[in-house]
Amino acid sequence: MTSLFEYAPALESRSIVDIRPSYGLFVDGEFTEGGGTPLKTVDPATEEVLSEVATGTDADVDRAVKAARRAFTRTWGPMRPADRGKYLYRIARLLQERAREFAVLESLDNGKPIRESRDVDLPLAAAHFFYHAGWADKLDHVGLGSSPRPRGVAGQVIPWNFPMLMLAWKVAPALATGNTVVLKPAETTPLTALLFAEVCQQADLPPGVVNIVTGAGDTGRAVVEHPDVDKVAFTGSTEVGRSIARAVAGTRKSVTLELGGKAANIVFDDAPVDQAVEGIVRGIFFNQGHVCCAGSRLLVQESVHDEVVASLQRRIGTLRVGDPLDKNTDIGAINSAAQLARITELTGIGETEGATCWQPDGVLPDRGFWFKPTVFTDVSPAMRIARDEVFGPVLSVLTFRTPDEAVAKANNTTYGLSAGIWSEKGSRILSIASRLRAGVVWANTFNEFDPTSPFGGYKQSGYGREGGRHGLTAYLKGASE
Amino acid sequence: MSTDRLEVRKTYKLYLGGKFPRSESGRTYPVTDARGRFVANAAWASRKDARDAVVAARAAVAGWSGATAYNRGQVLYRVAEVMEGRAAQFADEVAAGEGLSAARARASVDAAIDRWVWYAGWTDKLSAVLGGTNPVAGPYFDFSIPEPSGVVAVLAPQRSSLLGLVSVLAPVLATGNTAVVVTSHDRPLPAVTLGEVLATSDVPGGVANLLTGDAAEIGPWLAEHADVDGIDLTGAPTRLAMELERSAAGTLKRVLRGTAEEPDWSADPGLSRMTPFLETKTVWHPIGL
């Protein structure tokens with residue numbers, strides 16, 4: 001980062017996207033007015049207002065749920081499963097065809113580097129639809145006995161860190177299993193979901209199968225608490241997850257929650273340092289650290305601590321922070337002023353509590369929301385930066401001496417979403433992996449995702465899985481239910 | 001031989017951490033048979049007993065979940081063997097508590113033993129049925145396996161005192177979890193006897209803890225307890241169940257909801273009582289030279 005423009009910028013053109021000045025809600029196959037005060041969505045890299053987006057009131061959500069119910073009863077529910085699959089294949093292909101447009105729009109609205117939206121978010125989103133399309137007519141083999149039934153109307157609330165990918169994780173399995181959807185995108189990143197609404201139209205998806213109601217927390221609450229919603233799927237903070245679990249208590253609604261994390265990334269002394277450093281960087285700086293499964297706690301075996309930290313700092317010095325649409329950019333903009341304030345506050349607390357803060361030299365752009373990649377050393381397990389989810393490019397480094405200590409420290413958290421292990425010794429990897437209380441364990445890699453691979457947490461990182469055969473079960477009722 | 005021998009009566013106590021303590025509160029409550037006649041005084045478990053039981057259950061997690069699936073299966077099968085030997089005693093207690101004829105009580109006990117055997121056989125099949133390898137689009141070996149959630153609080157059914165109890169406890173143990181059970185309040189005696197069976201069947205202390213008492217009194221503490229990972233609300237009436245589900249949300253416990261009416265315990269449960277208390281762990285490793 002020392003010389004921000006040491007390469008010539010390689011900007012992805014934004015001319016491919018056509019952002020309308022305002023957007024309505026997508027209900028029953030059409031864009032309609034929303035009853036709430038419109039919200040402005042901004043480009044976090046420039047603070048430029050991109051568009052005004054309608055917000056859904058309780059009445060709008062009710063309209064969307066009714067449309068979803070109608071579609072469930074009349075078209076999508078009774079449809080031949082193979083035909084449902086064909087619609088999903090169509091959507092997958094349309095996403096592939098329009099991938100560049102989606103990627104640019106995602107980077108504009110979210111702030112993530114185009115390299116990631118282009119190479120990770122969009123290919124994976126399309127892959128999720130393609131994968132689930134094939135399941136639509138094979139549900140007898142999901143493991144719930146023959147002819148499992150869809151739950152009905154799924155109310156889905158997704159976060160701002162992977163707007164399009166989280167949409168795909170939610171919508172694809174819901175539709176493949178015969179449910180219809182009311183989706184509430186995140187307040188700060190609604191645009192790709194609204195572009196997805198166009199894709200639904202292009203695919204001739206029957207009206208009401210997918211409804212997209214934009215808005216903030218109130219709109220999300222209205223979706224979750226609507227009495228005619230049968231299934232709630234949420235990805236977001238543990239705090240909101242708790243309130244959802246409370247809200248559905250005593251109802252017939254089934255729930256899956258994919259919540260926060262504070263993953264340990266454990267580096268043993270026999271790990272190849274250069275590979276481990278790449279994994280540490282990918283673990284915490286991928287998507288500006290706005291990742292629930294980010295490897296935010298680095299646990300390094302004491303004997304290699306200095307070597308790993310020095311190598312890590314050298315590598316971070318080469319990361320390029322800046323314009324998300326520049327193909328050279330490694331770290332983009334922080335998604336919102338509010339998130340930047342939270343990251344700033346928690347790192348301030350880290351310094352107050354006595355940890356040593358390190359950031360590379362270099363200047364950040366004048367406008368927009370930015371935070372330098374940050375490494376805290378001398379971190380003790382009781383510090384807030386070792387316990388709280390920062391959700392930003394901030395790494396806390398702790399040490400351990402023995403494998404038992406590594407496991408104890410790694411599990412010393414209320415979260416349990418993911419973990420990483422770096423070692424050359426296979427037997428050690430398998431032993432540590434089995435003792436970590438985490439839903440996804442990456443060994444000698446980090447932050448890999450795939451539609452076939454179940455994702456989700458232990459403990460207060462939530463419950464239920466997304467992806468794979470496991471992810472389908474949340475949207476189906478077996479014979480005994 | 002004199003036939004007027006004075007019988008030795010049993011003291012009905014809690015089963016906690018592999019031992020048979022009275023309630024720390026010193027409380028007991030009278031248990032009557034289906035016709036209202038006094039049968040015994042049962043220990044009336046307190047909040048502190050529940051807390052002690054959670055401590056014992058937590059301490060037992062590492063050993064029980066870390067045992068091989070084959071070993072857990074053998075230990076659980078041993079429970080069924082010992083239950084078989086106690087079948088007459090179970091049948092008497094079930095007949096008295098549930099007001100069944102001797103034949104129907106015996107049939108219910110037989111079904112309970114058979115169900116226990118069925119679950120014992122699941123320990124080393126779950127991974128194959130619920131786990132597997134995932135064909136990810138990249139050079140990685142990627143597999144998913146089921147793992148126990150940890151400590152599960154079980155509010156056992158109020159009516160079916162043995163078959164119902166076994167139907168909710170055995171799936172928790174078969175999946176490698178440890179259990180804190182609040183038994184049927186009015187019909188607790190088969191649960192006490194089951195505790196004696198567990199204690200003599202190689203089940204490590206703390207793996208299963210059986211508290212006789214009142215779900216409405218202990219349930220809220222278990223639902224809130226930060227060291228309880230899951231809760232089965234089967235034995236809680238609707239209103240209590242809703243309150244408990246709400247407090248369980250505080251620590252995002254896995255919740256198995258009850259039904260308005262007690263389930264038909266003779267029905268095939270499938271995996272429905274095991275999957276709620278299983279987590280799925282997915283492990284990735286690169287493939288390369």
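Every value quoted in this text rests on a predicted model; they were computed, and no experiment measured them. (Residues numbered from 1 in each chain as written. Chains lettered and ligands numbered in written order. Predicted model: local features only at pLDDT ≥ 70, side-chain atom pairs only at ≥ 80, totals over all residues. Heavy atoms only, no water.)

K.L.:
Quick question: what am I supposed to make of the overall build of chain B here?
P.N.:
Counting its regular elements, chain B contains nine helices and ten strands. Its C-alpha atoms put chain B at 80 × 40 × 35 Å along the principal axes. A buried classification covers 54% of the 289 residues belonging to chain B. Taking contacts inside chain B between residues at least 6 apart in sequence as the whole, the part at least 24 apart equals 77%. Put simply, chain B has 29 plus and 32 minus side-chain charges, and the middle of one group is 3 Å from the middle of the other. (Helix = DSSP H or I, 4+ residues; strand = E, 2+ residues; numbered from the N terminus. Buried < 20%, exposed > 50% of the residue type's maximum accessible area, 1.4 Å probe, protein only. Contact = heavy atoms within 4.5 Å. Lys, Arg positive; Asp, Glu negative; His and termini not counted. Charge placed at Lys NZ, Arg CZ, Asp CG, Glu CD.)

K.L.:
What is the right way to read the UniProt feature "domain: Aldehyde dehydrogenase" (unreviewed entry) in chain B from this model?
P.N.:
In the UniProt entry, the feature "domain: Aldehyde dehydrogenase" (unreviewed entry) is given for residues 27-256 of chain B. Secondary structure content for residues 27-256 of chain B is 51% helix and 18% strand, and the end C-alpha separation is 30 Å. (UniProt positions renumbered as here; feature names shortened; annotations may be inferred.)

K.L.:
Is there a simple way to think about the packing of aromatic side chains in this case?
P.N.:
Two aromatic rings are characterised by how far apart their centres lie and by the angle between their planes. Going through the model one piece at a time under the given rule, you end up with 18 aromatic pairs over all chains. Ring centres 5.8 Å apart and planes at 35° place the aromatic pair Phe162 of chain A and Phe286 of chain A in the tilted group. With a gap of 124 residues between them, Phe162 of chain A in the loop between strand 7 (153-157) and helix 5 (163-176) and Phe286 of chain A in the loop between helix 9 (273-285) and strand 13 (297-301) connect regions that are remote in the sequence. Both residues of the pair, Phe162 of chain A and Phe286 of chain A, count as buried. One aromatic cluster in this structure is built from Trp169, Trp442, Phe446, Phe449 and Phe455 of chain A. Looking at Lys231 of chain A, its charged tip hangs above the ring of Tyr475 of chain A, at a distance of 4.9 Å from the centre. Over the ring of Trp221 of chain B we find Arg47 of chain B, and its NZ or CZ is 4.5 Å from the ring centre. (Phe/Tyr/Trp six-rings, centres within 6.5 Å; stacked < 30°, edge-to-face > 60°. Lys NZ or Arg CZ within 6 Å of the ring centre and 35° of its normal.)

K.L.:
Which parts of the structure should I look at to understand the domain arrangement of chain A?
P.N.:
Frequently, the measure chosen for interface size is the accessible area removed from exposure when the parts meet. Residue and element names in this part refer to chain A. Domain annotation of chain A identifies domain 1 (22-259 + 459-477) and domain 2 (264-443). One C-alpha centre belongs to domain 1, the other to domain 2; they are set 30 Å apart. The interface formed by domain 1 and domain 2 contains one salt bridge. We note a salt bridge from Arg115 to Asp330, for which the minimum N-O separation is 2.9 Å. (Domains from an automatic or database assignment. Salt bridge = Lys/Arg side-chain N within 4 Å of Asp/Glu carboxyl O.)

K.L.:
Mind showing me how you'd approach the packing of helix 3 (residues 99-110) of chain A against helix 5 of chain A here?
P.N.:
The geometry of a pair of packed helices is captured by two quantities: the angle between their axes and the separation between those axes. All names here are of chain A. Contact pair helix 3 / helix 5: the axes reach a minimum separation of 9 Å and the direction vectors enclose 115°. As summarised for this structure, helix 3 and helix 5 are arranged roughly perpendicular, according to the angle between their axes. Note on element contacts: helix 5 touches helix 3 through Pro163, Met164 and Leu165, opposite Phe102, Glu106 and Asn110. When grouped by side-chain class, the residues that make up the contact of helix 3 with helix 5 number four nonpolar, one polar and one charged. (Axes fitted to C-alpha atoms, helices over the stretch in contact; angles between N-to-C directions. Parallel < 35°, antiparallel > 145°, perpendicular 65-115°, else oblique. Nonpolar A, V, L, I, M, F, W, Y, C, P; charged D, E, K, R; others polar.)

K.L.:
Looking at this structure, I do not really get the pairing of strand 10 (residues 231-235) of chain A. What am I missing?
P.N.:
Consecutive side chains of a regular strand alternate in pointing toward one face of the sheet and then the other. Residue and element names in this part refer to chain A. With five of five residues buried, strand 10 lies mostly within the body of the structure. Residues of strand 10 alternate between two faces, with Lys231, Ala233 and Thr235 on one and Val232 and Phe234 on the opposite face, all of them buried. Relative to strand 10, strand 7 is paired through four bridges, and the arrangement is parallel. Looking at strand 10, one finds that Val157 is bridged to Phe234. The pairing of strand 10 with strand 11 (residues 254-258) spans five bridges and is classified as parallel. Bridge pairing links Ala233 to Thr256 in strand 11. One crossover worth recording links strand 10 to the parallel strand 11 by way of helix 8 (residues 238-247), and it is right-handed. (Pairing = 2+ DSSP bridges. Right-handed = clockwise from strand over helix to strand, strands pointing away.)

K.L.:
So what exactly am I meant to see when it comes to the pattern of salt bridges here?
P.N.:
Oppositely charged side chains can form a pair if their charged atoms are brought close together. Residues and elements named next belong to chain B. Enumeration over the complete set of coordinates arrives at 46 salt bridges over all chains. In this structure, Arg78 and Glu81 form a salt bridge, with 2.9 Å as the shortest nitrogen-oxygen distance. Placement of both Arg78 and Glu81 in helix 2 (residues 69-85) is noted, with a separation of three residues, approximately one turn of the helix. Accessibility expressed as a relative area gives 36% for Arg78, which makes it partly exposed. Across the pair Glu279 and Arg254 runs a salt bridge, and its minimum N-O distance is 2.7 Å. Within this pair, whereas Glu279 is found in strand 10 (residues 278-286), its partner Arg254 is found in strand 9 (residues 254-256), the two being separated by 25 residues in sequence. We classify Glu279 as buried; its relative accessible area is 4%. On the basis of relative accessibility, which here comes to 7%, the residue Arg254 falls in the buried class.

K.L.:
Help me understand the sheet that holds strand 12 (residues 264-267) of chain A in this model?
P.N.:
The pairing of strands in a sheet happens through backbone hydrogen bonds and is either parallel or antiparallel. Across the sheet, ten strands lie side by side as 14(A)-15(A)-16(A)-13(A)-12(A)-17(A)-18(A)-10(B)-4(B)-3(B); this open sheet has mixed pairing. Only two strands of the sheet have a single neighbouring strand rather than two, namely strand 14 (356-358) of chain A together with strand 3 (132-133) of chain B. Direction of pairing for strand 13 of chain A relative to strand 16 (residues 394-400) of chain A: parallel, over a ladder of five bridges. Looking at the pairing, Leu298 of chain A lines up with Val397 of chain A of strand 16 of chain A. With respect to the sheet, helix 14 (residues 426-435) of chain A is in contact with strand 12, strand 17 (418-422) and strand 18 (440-443) of chain A together with strand 4 (140-148) and strand 10 of chain B, its orientation differing from that of strand 10 of chain B by roughly 155°.

K.L.:
Explain the pairing of strand 13 of chain A to me, please; I cannot follow it from the model alone.
P.N.:
Residue and element names in this part refer to chain A. The buried fraction of strand 13 is high, at five of five residues. Burial of the side chains of strand 13 extends over both faces: Arg297, Leu299 and Gln301 are buried on one face and Leu298 and Val300 on the other. In the sheet, strand 12 pairs with strand 13 via four bridges, with the strands oriented parallel. Residue pairing in the sheet places Ala264 in a bridge with Arg297 of strand 13. Each parallel crossover has a hand, and for strand 12 linked through helix 9 to strand 13 it is right-handed.

K.L.:
Any chance you could explain helix 4 (residues 102-120) of chain B here in plain terms?
P.N.:
Think of an α-helix as 3.6 residues a turn; residues three or four steps apart then line up on the same face. All names here are of chain B. Under the 1.5 Å per step criterion, the end-to-end length of helix 4 is 27 Å for 19 residues, consistent within 8% with the ideal 27 Å. Looking only at helix 4, the buried set comprises Ala105, Ser108, Val109, Ala112, Ile113, Arg115, Trp116, Tyr119 and Ala120. All buried residues of helix 4 lie within an arc of 155° about the axis, which places them on one face of the element. Facing away from the buried side of helix 4, by more than 90 degrees, are the exposed residues Ala103, Arg104 and Asp114. Structurally, helix 4 contributes buried residues whose contacts are with helix 2, helix 3 (87-98), helix 6 (163-174) and helix 7 (189-199). (Expected span 1.5 Å × (residues − 1). Arc of directions from axis to C-beta.)

K.L.:
Looking at this model, I keep getting lost on the interface of chain A and chain B. Mind explaining?
P.N.:
Contacts between the two partners involve 44 residues from chain A, matched on the other side by 33 residues from chain B. Summed over both partners, the interface of chain A with chain B comes to about 2,900 Å²; 50% of that surface belongs to carbon and sulfur atoms. Between Arg465 of chain A and Glu279 of chain B there is a salt bridge; the shortest N-O distance is 3.9 Å. The tally of links between chain A and chain B comes to 26 residue pairs in polar contact (both at pLDDT 80 or more). Considering only residue class, the side of chain A that touches chain B consists of 18 nonpolar, 15 polar and eleven charged. In this structure, strand 18 of chain A lies alongside strand 10 of chain B, joined through three bridges in parallel fashion. Bridge pairing in strand 10 of chain B places Val440 of chain A opposite Thr282 of chain B. (Buried area = accessible area lost by both parts, 1.4 Å probe. Polar contact = N/O pair within 3.5 Å; in protein donor to acceptor, adjacent residues only side chain to side chain.)

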